[in-house]
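Tertiary structure, described
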Amino acid sequence: MLALQILIDGFAISSLYALGATGFTLIFGVSGVLNLSHGAIMIVAAVVAWWVAETAGAYVGAAVGVIASLVCAFITYRVIVRPIQNSPSIPREEKEIFVLTATLLWGIMLQEAISYLFTNNPKTVRPLVEGVVMILGVRTPWNEVLTAALSWAVIGLLYLLVNRTRTGKSLLAAAMNPRGLTLLGFELSSIYVLVWVIYGVLAGIAGVLLGAFLGVSSDNAGTLTASAFSIVVLGGLGSVSGSLIAAYVVGYLETLTAYLVSPAIRTVPVLLLLVAVVYVRPQGLLGRR
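**Here's the deal with helix H6 (residues 166-176)**
- Every buried residue belonging to H6 is among Gly-168, Ser-170, Leu-171 and Ala-174, and all of these are buried. Taken end-on, H6 shows its buried residues confined to a sector of 155°, consistent with a single buried face. Counted as exposed and oriented over 90 degrees from the buried face of H6: Arg-166, Lys-169 and Met-176.

**Points about the pairing of strand E1 (residues 132-135)**
- Judged from the 4 bridges that link them, E1 and strand E2 (residues 138-141) form a sheet pairing that is antiparallel. Counterpart to Val-132 in the pairing with E2 is Pro-141.
- Here E1 folds back onto E2, and the loop between the two strands holds 2 residues, one of which, Leu-136, carries a positive phi near 55°.

**Points about the nonpolar core**
- Core analysis: the largest hydrophobic core is formed by 82 residues, its most contacted members being Leu-19 and Trp-196.
- Looking at this core, the element that brings in the most residues is helix H8 (residues 188-213), giving 17 residues.
- The contact partners of Leu-19, leaving out residues within four places of it in the chain, are Ser-151, Val-154, Ile-155, Leu-202, Ile-205, Ala-206 and Leu-209.

**Some thoughts on the environment of Thr-103**
- Along the polypeptide, Thr-103 turns up in helix H4 (residues 95-118).
- For the pair Thr-103 and Pro-91, spaced 12 residues apart in sequence, the C-alpha to C-alpha distance is 18 Å.
- With near-sequence residues (within four places) excluded, Thr-103 lies in contact with Leu-34, Asn-35, Leu-36, Ser-37, Thr-76, Ile-80 and Val-81.

**A word on the environment of Leu-285**
- Structurally, Leu-285 is set in the segment after helix H11 (268-280).
- You can call Leu-285 partly exposed: its relative accessible area is 39%.
- Residues in contact with Leu-285, not counting those within four places in the same chain, are Leu-234, Gly-235, Gly-236 and Ile-245.

**Here's the deal with the pattern of salt bridges**
- As enumerated under the stated definition, the model contains 1 salt bridge in all.
- Here Arg-266 and Glu-254 are joined by a salt bridge, their closest N and O atoms 3.6 Å apart. With Arg-266 in the loop between helix H10 (240-260) and H11 and Glu-254 in helix H10, the pair connects residues that are 12 residues apart, well separated along the chain.
- Using a relative accessible area of 22% as the deciding quantity, one classes Arg-266 as partly exposed.

**Considering the environment of Ala-212**
- Its location among the elements puts Ala-212 in helix H8.
- Residue Ala-212 is classed as buried on the basis of its relative accessible area of 13%.
- Counting along the chain gives 84 residues from Ala-212 to Leu-128, while the straight-line C-alpha distance between them is 8.1 Å.
- Aside from chain neighbours lying at most four places away, what touches Ala-212 is Thr-124, Val-125, Pro-127 and Asn-143.

What counts and how
- Residues numbered from 1 in each chain as written.
- Predicted model: local features only at pLDDT ≥ 70, side-chain atom pairs only at ≥ 80, totals over all residues.
- Heavy atoms only, no water.
- Buried < 20%, exposed > 50% of the residue type's maximum accessible area, 1.4 Å probe, protein only.
- Helix = DSSP H or I, 4+ residues; strand = E, 2+ residues; numbered from the N terminus.
- Arc of directions from axis to C-beta.
- Pairing = 2+ DSSP bridges.
- Core = buried A, V, L, I, M, F, W, Y, C linked by side-chain atoms within 4.5 Å.
- Contact = heavy atoms within 4.5 Å.
- Salt bridge = Lys/Arg side-chain N within 4 Å of Asp/Glu carboxyl O.

Written out as structure tokens, the structure is:
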């Protein structure tokens, strides 16, 4: 029975990680940015959803939480990332480290703002659906089933957007050859804004679902960013398919550790695995760079 419980819970948390990591990977693949405020943006979505749901209901809370994440993502790009990328006073080879530092500091600011406004006590977002269902003889909350289903539904819609629409193909082109895309008459700044908007929606949905599934506090921001970073490095920087595979490796490894050892050290085996992968295969599972 414990094995089935780990199997079911691990699938749900891995699906959630896959959703969050997809947005993280998309940002890097298209605009070359490792957004270290990722965890804080997810926490903003969850906490805002929790706060609004107390008076307006779970569905309104979830929607407002996603909007809050979208606003934070847009601010991250327009106020934090873009000025650094366009600054003539910062050498080209140093801009990446400036962006990393700036997004890290921005994430800390968001984390402290959440802690100040709402305290850092753990908060659980009101679930969109109540009740339980029996899966392989294991009592499983419907909310957990919804978490996995919604995560993959959103990933599927993103796949269709990227591979079946003209807009999505422009995102792929920006990731592969931004200069060539510019020569064809596309405005890269508009594409970057679009990819950050998509990222904001993905991070918001992931944050709201996480808040309803496990609960969150401002103290979780660093852990969530570390998990996303571990997933994209394990999968290969810029590889969405690699990130999806790595999300399940990380999700199940954390779930096994939480159930069999202690929840307090659930991320430790993942970090050890990350170190091993960096030494043995630095490009990750499916990465090329």
